[in-house]
Amino acid sequence: MKKTITFLMLLLFTTNAFSQEFSKEYYLQKSKSQKSTGWILLTGGTIMTVVGAFSFNNSWDDSSNSGTDAYGFVMLGGVASVLGSIPFFIGSGKNARKAATISFINQPILIPKQGSLVQNSQPALSLKITF
């Protein structure tokens, strides 16, 4: 019984020791880089799809099948790239929402001074939990 409790306490302390709290800037930077990656994949995939489709259509009448196959693969690669950009946009939105929930605010507090109350502001960390 003591070994189990000791093991659970050790597991709890090591889990808390290695957990990291990221800042608002971290989530904003991660969101920005994911959004940039998503736009690059989307733009590149669209260009590849259009070029592959036009070239595939133009080379369809030729007798060389290797050129037609290559353009077909370029077109399919473009479609895969466009579809691959979707998770980056979703992840970017999630990280932007995380950044919006963690912020520093100036919390107003009342301080007694010479028989009256004076309002002063104190920096505080605000955490918004949404379900």
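Residues numbered from 1 in each chain as written. Predicted model: local features only at pLDDT ≥ 70, side-chain atom pairs only at ≥ 80, totals over all residues. Heavy atoms only, no water.

Engineer: For this particular structure, what's the right way to read the overall build of the protein?
Structural biologist: Of the regular secondary structure elements, the protein holds three helices and two strands. Its helices and strands in sequence order give the protein the pattern α-α-α-β-β, from N to C terminus. Across the protein, contacts joining residues at least 24 apart in sequence account for 53% of those joining residues at least 6 apart. Carbon and sulfur atoms form 66% of the exposed surface of the protein, whose accessible area is close to 10500 Å². (Helix = DSSP H or I, 4+ residues; strand = E, 2+ residues; numbered from the N terminus. Contact = heavy atoms within 4.5 Å. Areas by Shrake-Rupley, 256 points an atom, 1.4 Å probe, with all protein chains shown as cover.)

Engineer: Which parts of the structure should I look at to understand the environment of Val 74?
Structural biologist: Structurally, Val 74 is set in helix α3 (residues 65–101). Taking the C-alpha atoms as reference points, Val 74 and Gly 52, separated by 22 residues in sequence, lie 5.3 Å from one another. Sequence-distant contacts of Val 74, that is, excluding residues within four places in its chain, are made with Met 48 and Gly 52.

Engineer: Would you explain the environment of Ala 96 in this entry?
Structural biologist: Locating Ala 96 in the fold gives a position in helix α3. Taking relative accessible area as the criterion, Ala 96 reaches 31% and is therefore assigned partly exposed. For the pair Ala 96 and Leu 28, spaced 68 residues apart in sequence, the C-alpha separation works out to 5.9 Å. (Buried < 20%, exposed > 50% of the residue type's maximum accessible area, 1.4 Å probe, protein only.)

Engineer: I would appreciate a short explanation of a nonpolar patch on the surface in the present structure.
Structural biologist: On the surface, a nonpolar cluster with roughly 350 Å² of combined accessible area is contributed by Val 79, Leu 83, Ile 86 and Ile 90. Mapped onto the elements, Ile 90 comes out in helix α3. Relative accessible area serves as the criterion here: at 48%, Ile 90 is assigned to the partly exposed category. (Patch = residues over 30% accessible without salt bridge, like charges linked within 9 Å, V, L, I, M, F, W, Y side chains within 5 Å. Salt bridge = Lys/Arg side-chain N within 4 Å of Asp/Glu carboxyl O.)

Engineer: What's the story with the packing of aromatic side chains in this structure? I'm lost.
Structural biologist: Aromatic ring pairs are defined here through the distance separating the ring centres and the angle between the ring planes. Applying the stated criterion across every chain, the model contains two aromatic pairs. For the ring pair Trp 39 and Phe 89, a centre distance of 5.3 Å and an interplane angle of 80 degrees mean the geometry is edge-to-face. Separated by 50 residues along the polypeptide, Trp 39 in helix α2 (residues 24–58) and Phe 89 in helix α3 bring together distant segments of the chain. A relative accessible area of 48% places Trp 39 in the partly exposed class. The exposure class assigned to Phe 89 is partly exposed, which follows from its relative accessible area of 27%. (Phe/Tyr/Trp six-rings, centres within 6.5 Å; stacked < 30°, edge-to-face > 60°.)

Engineer: Explanation requested: a positive patch on the surface in the structure shown.
Structural biologist: Together, Lys 30, Lys 94, Arg 97 and Lys 98 line one region of the surface with positive charge. With three residues, the single largest contributor to the positive patch is α3. Take Lys 30: its relative accessible area is 32%, and that puts it in the partly exposed class. (Lys, Arg positive; Asp, Glu negative; His and termini not counted. Charge placed at Lys NZ, Arg CZ, Asp CG, Glu CD.)

Engineer: So what exactly am I meant to see when it comes to the side chain of Gln 34 here?
Structural biologist: Summarising the element assignment, Gln 34 is placed in helix α2. Take Gln 34: its relative accessible area is 18%, and that puts it in the buried class. The residues touching Gln 34, leaving out its near neighbours within four places in the chain, are Phe 88, Gly 91, Ser 92 and Asn 95.

Engineer: Help me understand the environment of Gly 44 in this model?
Structural biologist: Along the chain, Gly 44 turns up in helix α2. What makes Gly 44 partly exposed here is its relative accessible area of 27%. For the pair Gly 44 and Gly 77, spaced 33 residues apart in sequence, the C-alpha separation works out to 9.9 Å.

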